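Structure assessment
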Amino acid sequence: MGWIILILFLCTLPGSAIPSMSMFDKLHVDKIVHFVLFGGTVLLLAYGYYKQKGAISGLALFSLVAVVTLYGLAIEFIQKYLVANRSFDMYDLLADGLGAVAGALVFLWVGKRFLK
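Residues numbered from 1 in each chain as written. Predicted model: local features only at pLDDT ≥ 70, side-chain atom pairs only at ≥ 80, totals over all residues. Heavy atoms only, no water.

This part covers the pattern of salt bridges. Using the criterion set out here, one finds 3 salt bridges in the structure. Asp30 is the salt-bridge partner of Lys31, the closest N and O atoms lying 2.7 Å from each other. Between Asp92 and Lys31 there is a salt bridge whose closest N-O contact spans 2.7 Å. With Asp92 in helix H5 (residues 90-114) and Lys31 in helix H3 (residues 29-53), the pair connects residues that are 61 residues apart, well separated along the chain. What makes Asp92 buried here is its relative accessible area of 6%. A cluster of three or more residues bridged by salt bridges with shared partners is formed by Asp30, Lys31, Asp89 and Asp92. (Salt bridge = Lys/Arg side-chain N within 4 Å of Asp/Glu carboxyl O. Helix = DSSP H or I, 4+ residues; strand = E, 2+ residues; numbered from the N terminus. Buried < 20%, exposed > 50% of the residue type's maximum accessible area, 1.4 Å probe, protein only.)

Given below as structure tokens:
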């Protein structure tokens, strides 16, 4: 839960509180950050689910990816309507979704090797 709250905190900082570095803007580092944050969310949630239930189905993993991606969508709307100097960015949402999928794939890869 702490990780999810951290994402909300970071993504709702006012635009003026985010440092602007032209080199990083050109490299789209913010998209990499979104990818890692949301991929990490799926990894952590899937691991917690697995530890509680002893297994995780493909449907449960898909559901985690969908819910985490919807969380990213909700944050984009929060940024657009409630946070000063922030806007809805479809590429952030794409990075969130791709990160969520990558987190699920990493969990499957790790799970097959280490969680048995």
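Let us keep going from here.
This brings us to the nonpolar core. Ile7, Phe38, Val42, Leu61 and Phe107 are the most contacted members of the largest nonpolar core, which totals 16 residues. Elements with a minimum of two residues in this core: helix H1 (2-11), H3, helix H4 (58-82) and H5. If sequence neighbours within four positions are ignored, Leu61 has contacts with Ala46, Ile56, Ala104, Phe107 and Leu108. (Core = buried A, V, L, I, M, F, W, Y, C linked by side-chain atoms within 4.5 Å. Contact = heavy atoms within 4.5 Å.)

For H3, with 25 residues, the first-to-last C-alpha span of 36 Å sits near the 36 Å given by 1.5 Å per residue. Listing the buried residues of H3 in full gives Lys31, His34, Leu37, Phe38, Gly39, Gly40, Thr41, Val42, Ala46 and Tyr50. Where the residues of H3 are buried, they touch H1, H4 and H5. (Expected span 1.5 Å × (residues − 1).)

What follows covers the side chain of Gln79. Checked against the element boundaries, Gln79 lands in helix H4. When its relative accessible area of 1% is taken as the criterion, Gln79 is described as buried. Side-chain polar atoms of Gln79 contact the backbone oxygen of Cys11, separated by 2.7 Å. The contact partners of Gln79, leaving out residues within four places of it in the chain, are Cys11, Arg86 and Ser87. (Polar contact = N/O pair within 3.5 Å; in protein donor to acceptor, adjacent residues only side chain to side chain.)

Attention now moves to the side chain of Thr41. With respect to the helices and strands, Thr41 occurs in helix H3. Of the polar contacts made by the side chain of Thr41, one reaches the side chain of Trp3; its length is 3.0 Å. Engagement of the side chain of Thr41 in a polar contact is seen with the backbone oxygen of Leu37, the distance being 2.8 Å. Not counting residues within four places of it along the chain, the set of residues in contact with Thr41 comprises Trp3, Ile4, Ile7 and Val68.

Okay, a nonpolar patch on the surface next. Taken together, the side chains of Ile32, Phe35, Val36, Tyr91, Leu94 and Leu98 define a hydrophobic patch exposed on the protein surface, amounting to about 610 Å² of accessible area. Looking at the element boundaries, Leu98 is found in helix H5. (Patch = residues over 30% accessible without salt bridge, like charges linked within 9 Å, V, L, I, M, F, W, Y side chains within 5 Å. Areas by Shrake-Rupley, 256 points an atom, 1.4 Å probe, with all protein chains shown as cover.)

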